[in-house]
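Fold and geometry: a report
Below are the chains, spelled out letter by letter.
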Amino acid sequence: MNDTGLIIGGALLLAMVCVSVYGASALPPGAQLPVHFGPAGYNRWVSKNTGLVLYPALGAVVFAIISIAVKNHSTHGGLGAAAGLSIALGVMLIAQIGALAVALTRSRRG
């Protein structure tokens, strides 16, 4: 994978950490965060701390797996792997932002 893919992936991973830091300050104590485990939508609720750590941790795992898997396989300069990593982390970031929005809405109603 080329350096650009690693930089973009790292920036998306940093954005996931920033969303978690914002969620830690915005969500009240005892709040729950929905976790997305498939195409059916948010189907599990976990504690605020678990959810805020889970999203960036899974992002780091995906980043590491894709980076290691394509380290020695450079097709077209690693462009396909960089695009795959960016798409995967982007989808995870969007899911995290959506989960935080749902949790914030739920905590304001309750």
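See the structure above.
The present account deals with the structure reproduced in this document. Owing to the predicted nature of the structure, the values given are computational and were not obtained by experimental measurement.

Parameters and conventions
- Residues numbered from 1 in each chain as written.
- Predicted model: local features only at pLDDT ≥ 70, side-chain atom pairs only at ≥ 80, totals over all residues.
- Heavy atoms only, no water.
- Helix = DSSP H or I, 4+ residues; strand = E, 2+ residues; numbered from the N terminus.
- Contact = heavy atoms within 4.5 Å.
- Axes fitted to C-alpha atoms, helices over the stretch in contact; angles between N-to-C directions.
- Parallel < 35°, antiparallel > 145°, perpendicular 65-115°, else oblique.
- Nonpolar A, V, L, I, M, F, W, Y, C, P; charged D, E, K, R; others polar.
- Buried < 20%, exposed > 50% of the residue type's maximum accessible area, 1.4 Å probe, protein only.
- Phe/Tyr/Trp six-rings, centres within 6.5 Å; stacked < 30°, edge-to-face > 60°.
- Lys NZ or Arg CZ within 6 Å of the ring centre and 35° of its normal.
- Patch = residues over 30% accessible without salt bridge, like charges linked within 9 Å, V, L, I, M, F, W, Y side chains within 5 Å.
- Areas by Shrake-Rupley, 256 points an atom, 1.4 Å probe, with all protein chains shown as cover.
- Salt bridge = Lys/Arg side-chain N within 4 Å of Asp/Glu carboxyl O.

A few words now on the side chain of Ser 86. As for its placement among the helices and strands, Ser 86 is situated in helix H3 (residues 79-109). For Ser 86, the contacting residues outside a window of four places in its chain are Ile 8 and Leu 12.

This part covers the packing of helix H1 (residues 3-26) against helix H2 (residues 48-69). Axis angle and axis distance: for two packed helices, these are the angle between their axes and the distance between the axes, and together they describe the pair. Look at H1 against H2: their axes get within 9 Å of each other, and the N-to-C directions meet at 175°. As summarised for this structure, H1 and H2 are arranged roughly antiparallel, according to the angle between their axes. In this structure, H1 contributes Leu 6, Gly 9, Gly 10, Leu 13, Met 16, Val 17, Ser 20, Gly 23 and Ala 24 to the contact, and H2 contributes Lys 48, Leu 52, Tyr 55, Pro 56, Gly 59, Ala 60, Phe 63 and Ser 67. Grouping the constituent residues of the contact of H1 with H2 by class yields ten nonpolar, six polar and one charged.

This paragraph deals with the side chain of Gln 96. Its place among the elements puts Gln 96 in helix H3. For Gln 96, a relative accessible area of 3% gives the class buried. For Gln 96, the residues in contact, after removing those within four places along its chain, are Met 16, Val 19, Ser 20, Tyr 55 and Pro 56.

Under the counting rule described, the total for this entry stands at zero aromatic pairs. One cation-aromatic arrangement involves Arg 106 over Trp 45; the distance from NZ or CZ to the ring centre is 4.0 Å.

On the surface, a cluster of nonpolar side chains totalling about 270 Å² of accessible area is made up of Leu 14, Val 17 and Val 21. Mapping Leu 14 onto the fold places it in helix H1. Look at Leu 14 and you get exposed, because its relative accessible area is 53%.

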